[in-house]
Amino acid sequence: MLEIAIGIILGCCALGAGCAMIAGIGPGIGEGNAVARACEAIGRQPECKGSVTTTMLMGCAVAETTGLYALVIAILLIFVAPNILVGVLKNALASIPH
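Just so you know, these numbers come straight off a predicted model, no measurement behind them.

Caption draft 1: The arrangement of the overall build of the protein in detail. For the protein, the count of helices and strands is 4 helices and 0 strands. Along the protein, from the amino end to the carboxyl end, the secondary structure elements read α-α-α-α. Against the globule reference of 13 Å for 98 residues, the protein gives a C-alpha radius of gyration of 22 Å, more extended than a compact globule. Counting only C-alpha atoms, the protein reaches 80 × 15 × 15 Å along its principal axes. By residue count, 16% of the 98 residues in the protein fall in the buried class. Counting only contacts in the protein whose residues sit at least 6 apart along the sequence, the fraction spanning at least 24 positions is 80%. Summing over all exposed atoms, the protein offers an accessible surface of approximately 6,900 Å²; the carbon and sulfur share of this is 75%.

Caption draft 2: Local environment of the side chain of Glu 31. Note that Glu 31 resides in helix 2 (residues 25-44). Buried charge without a partner: Glu 31 forms no salt bridge, and the closest opposite charge is Arg 37, 15 Å away. Among the polar contacts listed, one links the side chain of Glu 31 to the backbone nitrogen of Glu 64, at a separation of 3.5 Å. Here Glu 31 is in contact with Cys 60, Ala 63 and Glu 64, once residues within four sequence places are set aside.

How each quantity is defined
Residues numbered from 1 in each chain as written. Predicted model: local features only at pLDDT ≥ 70, side-chain atom pairs only at ≥ 80, totals over all residues. Heavy atoms only, no water. Helix = DSSP H or I, 4+ residues; strand = E, 2+ residues; numbered from the N terminus. Rg over C-alpha atoms; globule rule 2.2 N^0.38 Å. Buried < 20%, exposed > 50% of the residue type's maximum accessible area, 1.4 Å probe, protein only. Contact = heavy atoms within 4.5 Å. Areas by Shrake-Rupley, 256 points an atom, 1.4 Å probe, with all protein chains shown as cover. Lys, Arg positive; Asp, Glu negative; His and termini not counted. Salt bridge = Lys/Arg side-chain N within 4 Å of Asp/Glu carboxyl O. Polar contact = N/O pair within 3.5 Å; in protein donor to acceptor, adjacent residues only side chain to side chain.

Take a look at the structure:
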């Protein structure tokens, strides 16, 4: 019984980590669009290269934070959460009178 519960915990943590990493798709698409539009803007008005590049880099940095948050959550779900949840399960089972 305990082995099945631990397997379910580990499987759900792995699924959750995989779902969290789906959030990495958004920043990649958004940053690609931002760079494409910045290149178009620089091509039309080369004298605005500095301000366009600065604004683009700030936007890419802000967009990348969502991907980094997803990575941190996925790492926590893989390495930290299973130990905590298995400990909670074992404590709960130990407190049940036999």
